[in-house]
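One-letter residues, chain by chain:
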Amino acid sequence: MSKVCVFFGTGYEEIEALTVVDILRRQGIDTKMVSIMGEKTVTGSHQIPVVMDSLIEEVDFSKVDVLVLPGGLAGTQNLEACEPLMEQVDAFAAAGKTVCAICAAPSILGHRGILKGKKAIAYPGFEDQLEGAVITYEPAVQDGNIITGRGMGCSIPFALKIVEHLSGSDASKAMAEKIVYLK
């Protein structure tokens, strides 16, 4: 079974982060919420505190298949400033393991040169930070091991794209039906 870690820094966009956690857990995918802030409770951009499953220091990355970076401007800045996380993002990308980012967070992948030649999307106005990417304007896009999403309103398609990647298109379609997601 695949293991996914969703990383939370203070100021994360609540809907982007929690939608992914919710939908992946509904699918039965082992999904952990991980704090990069040194404490288990992390507060989002709209002042909603959420208790994490673990701290980044506790994660055995050799047992993780997918990294997810939610957006939110301050949250994205905190993620990018977390050197242990950035080391893992680089290692996962280099190894062809899956890295997902939504909203402002795909800018991190652009800054690190991970998007060169890959289709990607980010929050409107962040496209110039997707260095080397082929910009698309889909709600969520996958190119190889990279999945990116446009913003909060695209959280469900982004999460369903991750389900599709891990469990197949039939599972993603079934989940969309189960949660009454109407395109």
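Bear in mind the structure is a predicted one, so any value in this text is a computation, not a measurement. (Residues numbered from 1 in each chain as written. Predicted model: local features only at pLDDT ≥ 70, side-chain atom pairs only at ≥ 80, totals over all residues. Heavy atoms only, no water.)

Let's talk about the sheet that holds strand β11 (residues 146-149)
In step 1: With respect to topology, seven strands assemble into an open sheet ordered β5-β2-β1-β6-β7-β11-β10, the strand pairing being mixed. Edge strands, defined here as strands with exactly one partner in the open sheet, are β5 (54-55) and β10 (140-143).
In step 2: By the bridge criterion, two bridges tie strand β2 (residues 30-35) to β5 in an arrangement that is parallel. Residue pairing in the sheet places S35 in a bridge with L55 of β5. (Pairing = 2+ DSSP bridges. Helix = DSSP H or I, 4+ residues; strand = E, 2+ residues; numbered from the N terminus.)

Some words on the nonpolar core
In step 1: Within the largest apolar cluster, 31 residues are counted, with the highest numbers of intra-cluster contacts made by F7, I56, L69, L85, V89 and L109.
In step 2: Put simply, the parts of the chain that give this core at least two residues each are β1 (3-8), β6 (66-69), α3 (83-95), β7 (98-102) and α4 (106-111).
In step 3: It is α3 that contributes the most residues to this core, five residues altogether.
In step 4: With near-sequence residues (within four places) excluded, F7 lies in contact with V34, I36, I56, F61, L67, V68, L69, P70, L79 and L85.
In step 5: Of all hydrophobic cores here, the second largest spans 29 residues; its members include F8, V20, L24 and F158. (Core = buried A, V, L, I, M, F, W, Y, C linked by side-chain atoms within 4.5 Å. Buried < 20%, exposed > 50% of the residue type's maximum accessible area, 1.4 Å probe, protein only. Contact = heavy atoms within 4.5 Å.)

Brief notes about the pairing of β1
In step 1: Of all six residues that make up β1, five are buried, and the element is covered over most of its length.
In step 2: Pairing between β1 and β2: six bridges, direction parallel. By the bridge assignment, F7 is partnered in β2 with V34.
In step 3: As a crossover connection, the stretch from β1 through helix α1 (residues 14-26) into β2 is right-handed. (Right-handed = clockwise from strand over helix to strand, strands pointing away.)

So, the pattern of salt bridges
In step 1: Applying the stated criterion across every chain, the model contains five salt bridges.
In step 2: The partner of D22 in a salt bridge is R26, and the shortest N-O contact between them spans 2.4 Å. You can see D22 and its partner R26 sitting in helix α1, four residues apart, about one turn around the helix.
In step 3: Here D22 falls in the partly exposed class, since its relative accessible area comes to 34%.
In step 4: Judged by relative accessible area, R26 falls into the partly exposed class, the value being 45%.
In step 5: Here K63 makes a salt bridge to D60, at a shortest N to O gap of 3.9 Å. (Salt bridge = Lys/Arg side-chain N within 4 Å of Asp/Glu carboxyl O.)

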